[in-house]
Amino acid sequence: MDTDSIWTEKNSQDFIQYGNDFVPYRDEQQRIIGELIAPLPPLANVVDLGCGAGLLSYQLLKQYSEATVYAYDGSPTMLAQATQQAGPYQDRFRTQQFDLAATDWRQFSFPVHAVVSSLLIHHLNDAGKQQLFQDLYQALASGGALFVADIIRPTTTAGFEIAAQQWDAYVEQQQHPNAYQTFTTDHWNYFAYPNEDPIDQPSTLLDQLNWLKEAGFQSVDAYWMFAGHAIFGGKKK
């Protein structure tokens, strides 16, 4: 994706329009994350990092009828769309604009029972991810969960090629007019253009699983993977 090394509001608008076409099996990913964070205590607080258009937040609000979702994003356009998406659950939905790389937001004024994130953490470098996992472990209440859906960096040329081909084929099969043209023209496929945009810094899956364990998380595993996208995470004992 060519963003001149920053995420722009134009990128947000494109992702709102084409996100369902760009994100492989998005509904399935959201369902899996919703299942993985269970069980939640009554009146649970869930933090959605990089909430985007708010589809995952909406799914969690719908699935957990007593939970409050705190949605964080760096884009005002995304936060506005997420607020609209929350619809009838506005009373249990809060938004916050933030800078992922900053640390001030990582101390919460409320108990955090689950943190979820989709297609965000790859914007941090290796050290940034390690520190984030450590900070979130400290922030989580006992028994809390962290589950991440993100692109991961293959370790071989074949891994890059397979991920690029799978992602390209998936988007080409979608029905939204102009989705595939936008996907290819704007170079959204990281695996086809891995060194093009410094904003994309995915780490290997193995490294991230190890960093989660080092932070203290238990039951760490990868729970789903396709086209270089993976769901992984763990829980705090």
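So, how was this worked out
- Residues numbered from 1 in each chain as written.
- Predicted model: local features only at pLDDT ≥ 70, side-chain atom pairs only at ≥ 80, totals over all residues.
- Heavy atoms only, no water.
- Pairing = 2+ DSSP bridges.
- Helix = DSSP H or I, 4+ residues; strand = E, 2+ residues; numbered from the N terminus.
- Axes fitted to C-alpha atoms, helices over the stretch in contact; angles between N-to-C directions.
- Contact = heavy atoms within 4.5 Å.
- Buried < 20%, exposed > 50% of the residue type's maximum accessible area, 1.4 Å probe, protein only.
- Arc of directions from axis to C-beta.

Some points on the sheet that holds strand β7 (residues 229–235)
Part 1 of the argument: The sheet built from seven strands is open, its strands ordered β3-β2-β1-β4-β5-β7-β6 with mixed pairing. Whereas interior strands pair on both sides, the edge strands pair on one side only; in this sheet they are β3 (93–97) and β6 (218–226). When strand polarity is set aside, the average angle formed by the axes of neighbouring strands in this sheet is 15°.
Part 2 of the argument: Here seven bridges tie strand β5 (residues 140–151) to β7, and the two strands are oriented antiparallel to one another. Counterpart to Ile151 in the pairing with β7 is His229.
Part 3 of the argument: Relative to the sheet, helix α5 (residues 126–139) contacts β1 (45–49), β4 (112–118), β5 and β7, its axis offset from that of β5 by approximately 150°.

Considerations on helix α4 (residues 76–86)
Part 1 of the argument: Of all the positions in α4, only Met78, Leu79, Ala82 and Ala86 are classed as buried. Buried positions in α4, seen along its axis, are confined to an arc of 95° and lie on one side of it.
Part 2 of the argument: Along its buried surface, α4 packs onto α1 (9–22), α3 (55–63), β2 (68–73) and β3.
Part 3 of the argument: Residue Gly87 follows α4 closely and has a positive phi angle near 50°.

These figures come from the coordinates and say nothing about function on their own.
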